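Structural characterization, general
Spelled out from the first residue to the last, the chains are:
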Amino acid sequence: MLNAFSVIAETPQFWVLNKAAGVSFHSEQGPGLVALAEAQFAEKLYAVHRLDKVTSGLLILARQPAGAAALTQLFASRQITKCYLALSAAKPQKKQGWVKGAMQPARRGAWRLAEAGAAPAVTYFVSQGYQDAPFRAFLLRPYTGKTHQLRVALKSVGAPILGDSLYGGAAADRVYLHACALSFSLFGQHYQYQCWPDHGAYFQQLFEMGLPTAWQNPISLPWPAAPALAVVDAEQDQ
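Residues numbered from 1 in each chain as written. Predicted model: local features only at pLDDT ≥ 70, side-chain atom pairs only at ≥ 80, totals over all residues. Heavy atoms only, no water.

1. Some thoughts on the overall build of the chain
We apply this condition: Only DSSP runs of H or I reaching four residues or more are called helices, and only runs of E reaching two or more are called strands; each is numbered from the N terminus. Only C-alpha atoms enter the radius of gyration; for comparison, a globular chain is expected to reach 2.2 Å times N to the power 0.38, where N is the number of residues. Per-residue accessibility, obtained with a 1.4 Å probe over protein chains only, is compared with the maximum for each type, and a residue is labelled buried under 20%, exposed over 50%, and partly exposed between these values. Note on contacts: a residue pair is in contact if any heavy atoms of the two residues lie within 4.5 Å. A 1.4 Å probe and the Shrake-Rupley method give the accessible areas. Residues count as covered only by the protein chains that appear here.
Within the chain one finds four helices and 11 strands. Taking 2.2 N^0.38 as the reference for a compact globule, 238 residues should give roughly 18 Å; the C-alpha atoms of the chain span a radius of gyration of 17 Å, in line with that estimate. With respect to the three principal axes, the spread of C-alpha positions in the chain is 45 × 45 × 40 Å. Every one of the 238 residues in the chain was classed for burial, and the buried ones make up 52%. Intrachain contacts of the chain at a sequence separation of at least 6 include 66% that bridge at least 24 residues. Summed over its atoms, the accessible surface of the chain is roughly 10900 Å², and 51% of this surface lies on carbon and sulfur atoms.

What follows is the structure, given as structure tokens:
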């Protein structure tokens, strides 16, 4: 059985964890990630953003109320750069570009992307195909933080995430979505973290074939400038 998380970094203000796929953020039938981390570290921790249960990767938990308030504001005002790695077994309608639209509830707890509406979800992605591989790799940067935003974004361009049955993804041993990079400044100090997935047969195959050189440091890619967005986010699951 996989551990629920591993530690990436510790500072006086926060922990950076690598959450395993399939681990709930909040306690459900059993203890969730926050409760497990509090038990392991023997301290009160504060949630400042979340990852979906199916998503693995970088997650911040604050250790102090002041740090929690500052980090929450950074996420809400989109001052934290986030990058995600995903795989899809389908060919997308376009190989890179913007995905924008209002998030609307759909059936079975899913969401869908509408063309118009207030407070749109905004994502930019690039992708890379591999000869004879049963998937295409995607590197995504969300400019907003909406529930299921990246899962819906790839579904909307015809490339649902591998293993994501809720959005029509091909069957796999996990949902192939991983939060791989974070960059932000807090209390006058800059922080940048990167963590590649360590679980999943198709992720293993991807790294055996090799990531594109330009993807080695996702934060440093020439991402387009953030569009003008008037409404701040209440940070949600990816």
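Here the narrative resumes.
2. Some details on the environment of Ser77
Quick reminder of the rule: We define a polar contact as two N or O atoms separated by no more than 3.5 Å, with the added condition that, inside protein, one atom must be a possible hydrogen donor and the other a possible acceptor, whereas residues neighbouring each other in sequence contribute only through side-chain atom pairs.
Residue placement: Ser77 occurs in the loop between α2 (65–76) and β5 (81–88). Separated by 67 residues in the primary sequence, Ser77 and Thr144 place their C-alpha atoms 9.0 Å from one another. Within the structure, Ser77 has its side chain in polar contact with the side chain of Gln79 (distance 2.7 Å).

3. Some words on the side chain of Ser88
Locating Ser88 in the fold gives a position in strand β5. The exposure class assigned to Ser88 is buried, which follows from its relative accessible area of 0%. A polar contact of 3.1 Å, which involves the side chain of Ser88, links it to the backbone nitrogen of Ala90. Among the polar contacts made by the side chain of Ser88, one reaches the main-chain carbonyl oxygen of Ala159 at a distance of 3.3 Å.

4. What to know about helix α1 (residues 33–41)
Condition: Regarding the arc, it is the one traced by the directions from the helix axis to the C-beta atoms.
When we look at burial in α1, the residues that qualify are Leu33, Val34, Ala37 and Phe41. Each buried residue of α1 lies within a common arc of 95 degrees when the element is viewed along its axis, so the set occupies one face. The positive-phi residue at the C-terminal boundary of α1 is Ala42, with phi of around 55 degrees.

5. Regarding unusual backbone geometry
In this structure, Ala42 takes a positive phi of about 55 degrees despite not being glycine. Position of Ala42 among the secondary structure elements: in the loop between α1 and β3 (46–47). The phi dihedral of Phe187 falls on the positive side, at around 50 degrees, and the residue is not glycine. With respect to the secondary-structure elements, Phe187 resides in the loop between β10 (177–186) and β11 (189–194).

6. Focus: the pairing of strand β7 (residues 111–114)
Quick note on the threshold: A strand pair is defined by DSSP finding two or more bridges across the two strands.
As paired elements, strand β6 (residues 97–105) and β7 share four bridges and run antiparallel to each other. Along β7, the bridge assignment pairs Pro105 with Trp111. Between β6 and β7, which pair antiparallel one after the other, the connecting turn spans five residues, and Arg108 there sits at a positive phi close to 60 degrees.

7. Description of the state of the cysteines
Applicable threshold: For this text, the term disulfide refers to a pair of cysteine sulfurs within 2.5 Å.
Counted by the stated rule, this structure contains zero disulfides. Counting only cysteine sulfurs, Cys83 is the nearest neighbor of Cys180, a cysteine outside any disulfide, at a range of 5.7 Å. Looking at Cys180, the relative accessible area reads 0%, which means it is buried. With no disulfide partner, Cys195 has as its closest neighbouring cysteine sulfur the one in Cys180, 8.8 Å distant.

8. Side note on the pairing of β6
Bridge count for β6 against strand β8 (residues 121–129) is five bridges, and the pairing is antiparallel. Following the sheet pairing, Lys100 is matched in β8 by Val122.

9. Structural notes on the environment of Ala47
Mapped onto the elements of the fold, Ala47 is located in strand β3. Judged by relative accessible area, Ala47 falls into the partly exposed class, the value being 43%. Spatially, the C-alpha atom of Ala47 lies 34 Å from that of Thr213, the residues being 166 residues apart in sequence. Not counting residues up to four positions away in its chain, the partners in contact with Ala47 are Phe25, Leu61 and Thr72.

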